[in-house]
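Each chain is listed here by its residues.
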Amino acid sequence: SEAIAVSLIARDFGSARRILIQMQDKRVKSSDSALEAIARSYALIAMKSAKFVADQCTAPAKQLSLGQNDTSRSRANSAYAVVSEIDNPSTYLLSLTAKSCAANGLFGHSQELLRRIHNRMLEEVASRLSTESSLYNPDQWNEASKRGVRKLHRSLLRFCALQGNVTAAMFF
């Protein structure tokens, strides 16, 4: 599984695909950490190629052309599919994949991942409240987590604006 992630980072998609097919033929199940590495690779590659297309749009009236960016969109969709297979993916991976999906016009996937992040944070607050009822103040909740979620919302809104999608922006 690590070989697949390294191949994806090196943009050697043929080797990655061959390794994956061999693993599936031998019914070898990837570990969650290996799946996270694969999903992270797909998401990063999709983000880079979507950013490249967005950077070429210099005039305000120009929008990101999703039809010309099918490969990037496919990689973002693959990242989402791999993340969906992981039992408990890291918040970083959920956030990165949500950005990757939004950058490529997959706003439904992005919204679902954002919902998972919000639910995870609410569960954390609820568990702390139940175990440390008199000691825990929700107002002093992990400031880094709050900043991370705000930053993710800004990124998703930015991708909506780049693509001129007001409808999707209303849900972020």
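Please read these numbers as outputs of a predicted model, since none were measured by experiment.

## Description of the environment of L162
- Residue position: L162 is located in helix 7 (residues 143–162).
- Residue classification places L162 among the partly exposed positions, given a relative accessible area of 27%.

## Topic: helix 5 (residues 91–103)
- For helix 5, spanning 13 residues, the distance from its first C-alpha to its last is 18 Å, which sits close to the expected 18 Å at 1.5 Å a residue.
- Counted residue by residue, helix 5 has 11 buried out of 13 residues, so it is predominantly covered.
- Residues L93, L94, S95, L96, T97, A98, K99, S100, C101, A102 and A103 constitute the buried set of helix 5.
- G105 sits one or two residues past helix 5 and shows a positive phi near 80°.

## Concerning the side chain of S41
- As for its position among the elements, S41 is in helix 3 (residues 32–56).
- Judged by relative accessible area, S41 falls into the buried class, the value being 3%.
- When neighbours within four sequence positions are excluded, S41 is seen to be in contact with A5, L8 and I9.

Cut-offs used in this document
Residues numbered from 1 in each chain as written. Predicted model: local features only at pLDDT ≥ 70, side-chain atom pairs only at ≥ 80, totals over all residues. Heavy atoms only, no water. Helix = DSSP H or I, 4+ residues; strand = E, 2+ residues; numbered from the N terminus. Buried < 20%, exposed > 50% of the residue type's maximum accessible area, 1.4 Å probe, protein only. Expected span 1.5 Å × (residues − 1). Contact = heavy atoms within 4.5 Å.

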